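Letter by letter, the chains look like this.
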Amino acid sequence: MIHSIDPSILFLQEEEVIKAGALDMKMTLDAVEETYALLGQGQIINPPKTHIAMPIGSGANWGSFFNSMPCYIGGDYNVGGTKWAAESKKNATIPGIPYGIDITVLSDPETVLPFCILDGTLITAMRTSAVAGVFAKHTVPKDATTALLVGAGVVGRTAVMAVCEAVPQIKKIYLADLDVTKAEGIAADYKNVYDVEIIPTADAKSVAGEVDVVITQTTARSPFIDKSWLKPGLTIINMGSMEADLETVKESDIIAVDYWDQIITYDSKAAAQLYKAGELTKDQVVELSDMVLGKWNGRTDAAQTINCSSLGLGALDIMIGYKLFLKAQEMGIGTMVKLWDKPLWE
Ligand SMILES: NC(=O)c1ccc[n+]([C@@H]2O[C@H](COP(=O)([O-])OP(=O)(O)OC[C@H]3O[C@@H](n4cnc5c(N)ncnc54)[C@H](O)[C@@H]3O)[C@@H](O)[C@H]2O)c1
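### Notes on the nonpolar core
No. 1: Ranked by internal contacts, the top residues of the largest apolar core, which has 79 residues, are Tyr36, Ile73, Ile237 and Leu324.
No. 2: Per-domain counts for this core show at least three residues from each of domain 1 (8–123 + 314–338) and domain 2 (140–309).
No. 3: Discounting residues that sit within four places of it in the chain, Leu324 has contacts with Leu12, Val17, Ala20, Gly21, Ala22, Met27, Leu118 and Ile123.
No. 4: Ranked by size, the runner-up nonpolar core spans 30 residues in total, among them Met242, Ala244, Val257 and Ile264.

The following block contains the structure:
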């Protein structure tokens, strides 16, 4: 990146982030693979996210939360930044506001000047499902044709895009939500976009036995997937807090996580609970970096079940945000703001 002492910051609102290509799922999938490859090669500094649950004392029963997700990406990128991520249960009941709202800041690692602030909400939705797509690409059975996506909110929508782009052999998607009208809406929106049949349902469990991969992106506060869902060769990918119970995760033949060092810090994740109970160690899991770097060769037996789980990586938001910043600059879009005309003290 070009270093400068110019304190100008390009501000990109959601509409401009879209113009710069935020809804391009192919680009997002490539960026996810590249980020996990760099992570696995030691080219990324990405400490576990800092989590603030509100109101005070609510812990795992939070009503809303803020996450701070700083990172530095080395290699040819040499860019730093942070995502300020937030979710609110209340938002799920208020029309006109997303459940999750995020903002991303990109900074020059040498002068440490911020040079871009952009809406990170869509990037989050796209990259979250792209992670599920990459997990699916590396873990679904070779002859997989059918998927079940549980949760038809914002991330459920992008999950349809991710599965269709990352695993095009999937020709039938069951899309489940407690509110089936949400699944129906997404099914109608994507009816003629991909070569796939999307079947809305309110009853995920009733179709689970038919599918090769289950991907969950719900706001459920307690697990709803139990051992009875585990059939030979099934892949389950959990993007929410804890949708599969501890026994289900424990009894999977293979446990995969996006990033071990971070996921064990987040108590609501099954991997963290198993680790803290002394029942899971790093050398027993497969990390997403291992998959994208070709260090893991897949199931050794077609009947093995795989449980994958993700907590999300700030580096993904910075990587994609940086690509969108470069594109926006090229397109001449966004609004320039300044930290100062001349710094008062230096
Ligand atoms: N792993 C990551 O990187 C990452 C990043 C962002 C969001 N997320 C998680 O993804 C999840 C979804 O986020 P969103 O923005 O799409 O929320 P959203 O509110 O837009 O959608 C959530 C949907 O889940 C449905 N739901 C809740 N419980 C359910 C159940 N038991 N069965 C079926 N459907 C159920 C709701 O009806 C709703 O439609 C959240 O848990 C969020 O924390 C994960």
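### A word on the domain arrangement of the chain
No. 1: Domain assignment breaks the chain into domain 1 (8–123 + 314–338) and domain 2 (140–309).
No. 2: Taking only C-alpha atoms into account, the centre of domain 1 sits 23 Å from that of domain 2.
No. 3: Counting residues at the interface gives 22 residues for domain 1, matched by 18 residues for domain 2.
No. 4: Buried surface at the junction of domain 1 and domain 2, summed over both partners, amounts to about 1700 Å²; 64% is from carbon and sulfur atoms.
No. 5: Linking domain 1 with domain 2 are one salt bridge.
No. 6: A salt bridge links Lys26 to Glu165; its shortest N-O distance comes to 3.2 Å.
No. 7: Our enumeration of links across domain 1 and domain 2 arrives at seven residue pairs in polar contact (both at pLDDT 80 or more).
No. 8: Looking at the side of domain 1 that touches domain 2, the elements that each hand over two or more residues are α2 (25–40) and β4 (64–73).

### A short note on the packing of aromatic side chains
For any pair of aromatic rings, the description consists of the separation of the ring centres together with the inter-plane angle of the planes.
No. 1: The final tally for this structure, using the stated rule, is nine aromatic pairs.
No. 2: A centroid spacing of 5.4 Å and a plane angle of 85 degrees characterise the contact between Trp260 and Tyr275, whose relative ring orientation is edge-to-face. Here Trp260, found in helix α8 (residues 260–263), pairs with Tyr275, found in helix α9 (residues 270–276); they are 15 residues apart in sequence, far enough to count as distant.
No. 3: Assessed through its relative accessible area of 4%, Trp260 is described here as buried.

Reading guide: rules and limits
Residues numbered from 1 in each chain as written. Predicted model: local features only at pLDDT ≥ 70, side-chain atom pairs only at ≥ 80, totals over all residues. Heavy atoms only, no water. Core = buried A, V, L, I, M, F, W, Y, C linked by side-chain atoms within 4.5 Å. Buried < 20%, exposed > 50% of the residue type's maximum accessible area, 1.4 Å probe, protein only. Domains from an automatic or database assignment. Contact = heavy atoms within 4.5 Å. Buried area = accessible area lost by both parts, 1.4 Å probe. Salt bridge = Lys/Arg side-chain N within 4 Å of Asp/Glu carboxyl O. Polar contact = N/O pair within 3.5 Å; in protein donor to acceptor, adjacent residues only side chain to side chain. Helix = DSSP H or I, 4+ residues; strand = E, 2+ residues; numbered from the N terminus. Phe/Tyr/Trp six-rings, centres within 6.5 Å; stacked < 30°, edge-to-face > 60°.

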